[in-house]
Amino acid sequence: MLIVLSVGGSILAKELNPDSFRGYADALKELAKEHEIVIVTGGGASARDYINVARSTGANEVECDYIGIDITRLNAKLLISALGDAAYPEPPKDYKEAQEKLSSGKILVMGGVIPGQTTDAVAAILTEYLGANLLVIATAVDGVYSADPRKDPDAVKYETMTAKELVSTVMTTEMKAGSKSPVDPLAAKIIERCNIETIVMDGSDPQDVLKAIRDENGKTDKKAVYLGTRIIN
Ligand code: UTP
């Protein structure tokens, strides 16, 4: 199975600690024994810090996005470094390059590609373009909620939802450089348009990501409680 995994910078580079890169590298090497994998790394707090400084000094939103992209690519390079020989040595710069490099048999790790989106959208577009079987969005929230759980105590988590429901839930999110949402609206639209089987989950522990993928692949126990929110069509 070919899997695209979007790992939020808020997970991977929360405090720019080598342990989180090592932890993900170990889990990904394990996963690569069972599946082909492409990872898209986010920018996290560093991207937001850089974007805020750029905005304050007069950069426009597209310029801010380019700065964000650079930070996501730096995180990709750190993960590549932690993966060593198991990874393709450079992050592909766009979707076509990712497709070309897939035949290398190595784990591909890349960051952002064009302004106006986040790495969740990159991962969703890659999933469709590469014909991947599953998209996993590993983020700082343990799934998709009816409202922002940090602001609304009545917010409830969806175990499963349709892509259409996902779109209406996230559409209200602001599309500004560095803004936060569980899945960005463009990614949600692509998941809907392309019928992409998706899991949105807490990626704090990379072993949970392994478990969620194995559960999804096996799907043996219909009553099992799965991690995160599964987007089904
Ligand atoms: P992220 O994907 O990290 O955004 O990209 P995020 O919402 O902050 O996600 P977390 O916190 O990592 O989970 C960081 C910034 O880089 C720019 C955007 O400005 C985005 O907010 N970016 C990223 C792009 O413009 N295009 C891309 O393809 C990717």
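Values in this document were obtained by computation on a predicted structure and should not be read as measured data. Within every chain, residues take consecutive numbers counted from 1 along the sequence as written. This being a predicted model, a pLDDT of at least 70 is required before a residue's local features are given, and a value of 80 or more before pairs of side-chain atoms are given or counted; all residues contribute to the totals for chains, interfaces and linings. Water and hydrogen atoms play no part in the side-chain values, which are based on all heavy atoms of the structure.

Looking at this structure, I do not really get the overall build of the protein chain. What am I missing?
In this text, helices come from DSSP runs of H or I with a minimum length of four residues, and strands from runs of E with a minimum of two, each type numbered from the N-terminal end. Along the protein chain, the regular secondary structure elements total nine helices and seven strands. Relative to the globule expectation of 17 Å for 233 residues, the C-alpha radius of gyration of the protein chain, 16 Å, shows essentially globular dimensions. The dimensions of the protein chain, computed from C-alpha atoms along their principal axes, are 55 × 45 × 30 Å. When each of the 233 residues of the protein chain is scored for burial, the buried share is 49%. When contacts within the protein chain are restricted to residue pairs at least 6 apart in sequence, those whose partners lie at least 24 apart make up 68%. Only the C-alpha atoms count toward the radius of gyration. The rule for a globule is 2.2 Å times the residue count to the power 0.38. Only protein chains enter the area calculation, which uses a 1.4 Å probe; residues under 20% of their type maximum are buried, those over 50% are exposed, and those in between are partly exposed. Two residues form a contact once any of their heavy atoms are found within 4.5 Å.

Looking at this structure, how should I read the site of the ligand?
If a single non-hydrogen atom of a residue is within 4 Å of a molecule or strand, that residue counts as near it. In the vicinity of the ligand, 25 residues are found, and the nearest of them are G9, G43, D65, I114 and T119. Here a polar contact is taken to be a pair of N or O atoms separated by no more than 3.5 Å, where protein atoms must pair a possible hydrogen donor with a possible acceptor and residues adjacent in sequence count only if both atoms sit in side chains. Within the side chain of Q117, one N or O atom sits 3.1 Å away from an oxygen atom of the ligand. Elements represented by at least two residues in the shell around the ligand include exactly α1 (9–12), α3 (44–56), α4 (61–83) and α6 (119–130). Element by element, the count of residues in the shell around the ligand is highest for α4, at four residues. Think of it as three bins: nonpolar holds Ala, Val, Leu, Ile, Met, Phe, Trp, Tyr, Cys and Pro, charged holds Asp, Glu, Lys and Arg, and polar takes everything else, Gly as well. Taken together, the residues of the shell around the ligand sort by class into seven nonpolar, 15 polar and three charged.

When you look at the sheet that holds strand β3 (residues 108–110) in this model, what are you seeing that I'm missing?
Neighbouring strands of a sheet are bound in pairs by backbone hydrogen bonds; such pairs are parallel or else antiparallel. Here the rule is simple: two strands pair whenever DSSP picks up at least two bridges between them. Strand order across the open sheet formed by seven strands is β3-β2-β1-β4-β6-β7-β5, with mixed pairing between neighbours. Looking at which strands have only one partner, the edges of the open sheet turn out to be β3 and β5 (160–162). When the angles between neighbouring strand axes are averaged without regard to direction, this sheet yields 20 degrees. Relative to strand β2 (residues 36–41), strand β1 (residues 2–7) runs parallel, the two being bridged by six bridges. For L5, the partnering residue across the bridge sits in β2 and is I39. Note on geometry: axes are lines fitted to C-alpha atoms, helical ones only across the stretch in contact, with angles between N-to-C directions running from 0 to 180 degrees. Relative to β2, helix α2 (residues 18–32) is tilted by about 155 degrees, and along the sheet it contacts β1, β2 and β4 (134–139).

What should I look at first to understand the pattern of salt bridges in this one?
By convention in these notes, a salt bridge is any Lys or Arg side-chain nitrogen within 4 Å of a carboxyl oxygen on Asp or Glu. This model, assessed by the stated rule, comprises seven salt bridges. Residue K211 pairs with D215 through a salt bridge whose shortest N-O separation is 2.9 Å. Pair noted here: K211 and D215 are both in helix α9 (residues 206–218), with a separation of four residues, about one helical turn. Judged by its relative accessible area of 43%, K211 is partly exposed.

Any chance you could explain the packing of helix α7 (residues 163–170) against helix α8 (residues 185–193) here in plain terms?
At a minimum axis separation of 8 Å, α7 and α8 run at an interaxial angle of 165 degrees. One element, α7, and the other, α8, form an angle in the roughly antiparallel class. The element α7 and its partner α8 pack so that their crossing is left-handed. Facing α7, whose interface residues are A163, K164, L166, V167 and V170, α8 presents P185, A188, K189, I191 and E192. When the residues that make up the contact of α7 with α8 are grouped by side-chain class, the tally is seven nonpolar, no polar and three charged. Angles are sorted into four bins: roughly parallel if under 35 degrees, roughly antiparallel if over 145, roughly perpendicular if 65 to 115, and oblique for all others. A crossing counts as left-handed when the near helix is turned anticlockwise from the far one by less than a right angle, and as right-handed when that turn is clockwise.

What is the right way to read the UniProt feature "binding site: ATP" (unreviewed entry) in the protein chain from this model?
UniProt positions are given in the numbering used here, feature names are shortened, and annotations may be inferred rather than shown by experiment. Following the UniProt record, one finds the feature "binding site: ATP" (unreviewed entry) at G9, S10, G44, R48, T139, Y145 and D148. The annotated residues occupy 140 residues of the chain and do not converge on a single region, their most distant C-alpha atoms lying 23.2 Å apart. Within the secondary structure, G44 is located in helix α3. On the accessibility criterion, G44 (10% relative accessible area) is buried.

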